[in-house]
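Close look at the chain arrangement
Residues per chain are reported as follows:
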Amino acid sequence: MEAVLKEKKVVIGITGGIAAYKAAELVSSLMKHGARAKVIMTKNATEFISPLTLETLSGNPVYYDMFSRTSPWEIDHISLAKWADVLAVVPATANIIGKVCHGIADDLLTTTIMATQAQVIFAPAMNTNMYKNPIVQENIEALKKKGYIFVSPAEGRLACGDVGEGKLAAIEDILRAITDYFVRKQDLKGIRVLVTAGPTREYLDPVRFISNPSSGKMGFAIAAACASRGAEVELVTGPVRLSPPEGVNMHPVETALEMYERVMKLYPSCHIVFKSAAVSDYRPQAYHEQKIKKDSDRLVLTLVKNPDILKELGRRKKDQILVGFAAETHNVLENAMKKIREKNLDFILANDVTQSGAGFMGDTNKGDLITRVGEIIEIPLLGKNEFAHRMIDEVLKRSPHLAIRKNC
Ligand code: PMT
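Position numbers for residues start from 1 in each chain and track the written sequence from start to end. Note on the predicted model: pLDDT of at least 70 is required for a residue's local features to be given, and 80 or more for side-chain atom pairs to be given and counted; whole-chain, interface and lining totals, by contrast, use all residues. The side-chain numbers reported here are obtained from all heavy atoms of the structure, hydrogens and water having been left aside.

**Considering the site of the ligand**
- One heavy atom within 4 Å of a molecule or strand makes the whole residue count as near it. What surrounds the ligand is a group of 27 residues, the closest being Ser214, Ser215, Lys275, Lys339 and Met361.
- Any pair of N or O atoms that falls within 3.5 Å is considered a polar contact. Within protein, one atom must be able to donate a hydrogen and the other to accept it, and sequence-neighbouring residues count only if both atoms are side-chain atoms. Measuring from an oxygen atom of the ligand, one finds a side-chain N or O atom of serine 215 at 2.6 Å.
- Here a nitrogen atom of the ligand and a backbone polar atom of isoleucine 309 are 3.1 Å apart.
- For every accessible area listed, the method is Shrake-Rupley and the probe measures 1.4 Å; residues are considered covered only by the protein chains on display. In isolation the ligand exposes 770 Å². Once the protein is present, 95% of that is buried.
- Note on definitions: the grid is 1 Å and covers protein atoms alone; a cavity is a set of points where a 1.4 Å probe fits but cannot get out; a pocket is an open set with protein on both sides within 12 Å along at least five of seven lines; lining residues have an atom within 4 Å of a point. To be counted as sitting in a cavity or pocket, a molecule needs more than half of its atoms within 2 Å of that site's grid points. Placement of the ligand is best described as lying within the second largest pocket.

Here you go:
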């Protein structure tokens, strides 16, 4: 990261949200990695954090007044717009997103964003209801379509006491998005990746099903990471509440049988498969066309086994790289290693889902990536985006034949 960010000119725009103080950590990290930083604050942001802190960390004056010129011969919003290699708005409120989306330029930050030709990256942070408000979501989608990059907020307890999506993404994830932009790491260019994500639903009747708590976040993070590295990505996902990652072909499915069909169709043309979906091992033997009535005191449910999609991929494997996942509660490594052999995998990510911060639903993960020859690579607790990149890095390091396939 250090080499990539060295001497890069980053303008950080800070807007008025409680997460404004976290921008200080980002500026500090950028400086540690050799970047140069200049900070623009909105008037509201100065209520949350002192410009002096940012001035000290960035080693530059902080810009917040449209009409006070730092140099008498320069117009700040134009000189900052030209100076920036990248402009990151951290945190980005609903207000700034709405203004930029609708071309409003009424302060130093918005005029600079309008005037710059540099890539603009937004890291939104706000109350979860605000974030989910369809107006905000439409603005985000519209800006994404115009090429603005978004680092999605995390889920958790917000400063207002509400719990949900809206927390500023981890600083390491924002730093990664900035670095990715510079690297434009295209180490997966020419590679087709198949990712599965989320749970499956196995219906008993039209309104009831068997499922599991997978949110799809891990699989979506892998798909987004592969796409940002130049891969052509097919994402087969069970029902989740996530927006499709930029540049990914999404295939929504519900049941294990539907996932099986779709995956088998896509598989022959793919070079790598990340099988992170939590597929139901069983489905009800009978499906009731109408809602089951509670007429009797006991209801016995007979389940039948679903096909093991990954095992079938292993059986049909030619020269694809197969990365399986193992969500385990005990004998984690032993069970994961057994799955590598049984399913003819190249790698498996052993996820001890009893550990805090690992596995289902949350924004972080940690686990051991195990190779076919028994090498164990520990991936520490990281945001799921960063976790995905680390996993891809490790898989690529050990898959030299992919480079050959790329050139075919
Ligand atoms: O979605 P999140 O909330 O972000 O959570 C991420 C996760 C915990 C779901 C993910 O990291 C994970 O561990 N996924 C695998 C979960 C799982 O089903 O593990 P398993 O041990 O039951 O299955 C082993 C492997 O076989 C998996 O790659 C699974 O996709 C595959 N499988 C399992 C059963 C089946 N019928 N078909 C399959 O392909």
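**Some thoughts on the sheet that holds strand β13 (residues 248–252)**
- The criterion for strand pairing is that DSSP finds at least two bridges linking the strands in question. What counts as a helix is a DSSP run of H or I of at least four residues, what counts as a strand is a run of E of at least two, and both are numbered from the N terminus. Overall, mixed pairing links the eight strands, which are arranged β13-β12-β9-β14-β17-β18-β19-β20 in an open sheet. Two strands lie at the open edges of the sheet, namely β13 and β20 (376–383), each paired on one side alone. Looking at each pair of strands side by side, their axes are set apart by 20 degrees on average, direction ignored.
- As defined by bridge partners, strand β14 (residues 272–275) adjoins strand β17 (residues 321–328) across four bridges and the pair is classed as parallel. Pairing of valine 273 across the sheet is with leucine 322, part of β17. Angular values range over 0 to 180 degrees, each being the angle between N-to-C directions of two axes fitted as lines to C-alpha atoms, with helices fitted over their stretch in contact.

**Some details on the domain arrangement of the protein chain**
- Marked domain ranges trace back to an automatic or database domain assignment. Segmentation of the protein chain into domains returns domain 1 (2–185) and domain 2 (192–406).
- Relative placement of domain 1 and domain 2: their C-alpha centres are 34 Å apart.
- For this analysis, residues touch if any pair of their heavy atoms sits within 4.5 Å. Taken together, the contact between domain 1 and domain 2 spans nine residues of the former and 13 residues of the latter.
- Where domain 1 abuts domain 2, roughly 990 Å² becomes buried across the two surfaces, and 32% of that area is made up of carbon and sulfur atoms.
- Within this document, salt bridges are pairs made up of a side-chain nitrogen of Lys or Arg and a carboxyl oxygen of Asp or Glu, the two lying within 4 Å of each other. Across the domain 1-domain 2 interface, the total number found is one salt bridge.
- Of the charged contacts in the structure, one is a salt bridge between glutamate 155 and lysine 217, with a shortest N-O distance of 3.2 Å. Buried area counts how much accessible surface, traced with a 1.4 Å probe, disappears from two parts once they are put together, with both parts' losses summed.

**Notes on the packing of aromatic side chains**
- A pair of aromatic rings is counted whenever rings of Phe, Tyr or Trp (Trp by its six-membered ring) have centres within 6.5 Å, and the orientation is called stacked for planes under 30 degrees apart, edge-to-face for over 60 and tilted otherwise. Inspection of the entire model under this criterion finds four aromatic pairs.
- For the ring pair phenylalanine 122 and phenylalanine 150, a centre distance of 5.1 Å and an interplane angle of 25 degrees mean the geometry is stacked. Of the two residues, phenylalanine 122 is situated in strand β5 (residues 119–124) and phenylalanine 150 in strand β6 (residues 149–150); the sequence distance between them amounts to 28 residues.
- Taking the centre distance of 5.3 Å and the plane angle of 65 degrees together, the rings of tyrosine 203 and phenylalanine 209 count as edge-to-face.
- A 1.4 Å probe rolled over the protein chains alone gives each residue an accessible area, and that area as a share of the maximum for its type sets the label: buried under 20%, exposed over 50%, partly exposed in between. Accessibility expressed as a relative area gives 21% for tyrosine 203, which makes it partly exposed.

**Here we look at the layout of surface pockets**
- Computed from the structure, the second largest pocket encloses a volume of approximately 860 Å³.
- Ala277, Ala278, Val279, Phe325 and Ala327 are the residues nearest the centre of the second largest pocket, which is lined by 34 residues in total.
- Looking at the lining of the second largest pocket, the elements that each hand over two or more residues are α11 (217–228), α13 (309–316) and β17.
- Residue polarity follows a fixed list, in which Ala, Val, Leu, Ile, Met, Phe, Trp, Tyr, Cys and Pro are nonpolar, Asp, Glu, Lys and Arg are charged, and the others, Gly among them, are polar. In terms of residue class, the lining of the second largest pocket is made up of 14 nonpolar, 12 polar and eight charged. Grid points are joined across faces, edges and corners, and a volume is the space filled by probe spheres set on the points.

**Comments concerning the pattern of salt bridges**
- Taken as a whole and assessed by the stated rule, the structure comprises 22 salt bridges.
- Salt-bridge contacts for glutamate 328 lead to lysine 339; the nearest nitrogen and oxygen are separated by 2.6 Å. Of the two residues, glutamate 328 sits in strand β17 while lysine 339 sits in helix α14 (residues 332–342), which places them 11 residues apart along the sequence.
- The class for lysine 339 is partly exposed, based on a relative accessible area of 24%.
- Through salt bridges that share partners, Glu375, Glu394, Lys397 and Arg398 make up one connected network.

**Looking at the state of the cysteines**
- Counting rule for disulfides: a pair of cysteine sulfur atoms within 2.5 Å. Under the defined criterion, the tally for this structure stands at zero disulfides.
- The structure places no disulfide on cysteine 226, whose sulfur is separated from the nearest cysteine sulfur, that of cysteine 270, by 11 Å.

**Re the packing of helix α6 (residues 94–101) against helix α7 (residues 108–115)**
- With their axes 10 Å apart at the nearest point, α6 and α7 run at an angle of 40 degrees to one another. Taken together, the axes of α6 and α7 lie oblique to each other. By crossing handedness, the relation of α6 to α7 is classed as right-handed. Two secondary-structure elements touch here, α6 through Ile96, Lys99 and Val100 and α7 through Leu109, Thr110, Ile113 and Met114. For classification purposes, angles smaller than 35 degrees are called roughly parallel, those larger than 145 roughly antiparallel, those between 65 and 115 roughly perpendicular, and all remaining angles oblique. Put simply, a crossing is left-handed when the front helix is turned counterclockwise from the back one by less than a right angle, and right-handed when it is turned clockwise.

**Quick word on the sheet that holds β6**
- If you trace the six strands from one edge of the open sheet to the other, you get β3-β2-β1-β4-β5-β6, paired in parallel fashion. Taken across any chain shown, the strands that pair with only one partner, and hence form the sheet edges, are β3 (62–63) and β6.
- One ladder, built from two bridges, connects strand β2 (residues 36–41) with β3; its direction is parallel. Across the sheet, isoleucine 40 pairs through a bridge with tyrosine 63, a residue of β3.
- Across the sheet, helix α5 (residues 76–83) lies against β1 (9–14), β2 and β3, angled at about 145 degrees from β2, the strand it touches most.

**Comments concerning unusual backbone geometry**
- Cis peptide bonds are those with omega within 30 degrees of zero, and the linkage from valine 90 to proline 91 qualifies with -10 degrees.
- Structurally, the position occupied by proline 91 is in strand β4 (residues 86–92).
- Residue glutamate 7 is not a glycine yet carries a positive backbone phi of 65 degrees.
- We note that asparagine 331 has phi near 40 degrees; this positive angle belongs to a residue other than glycine.

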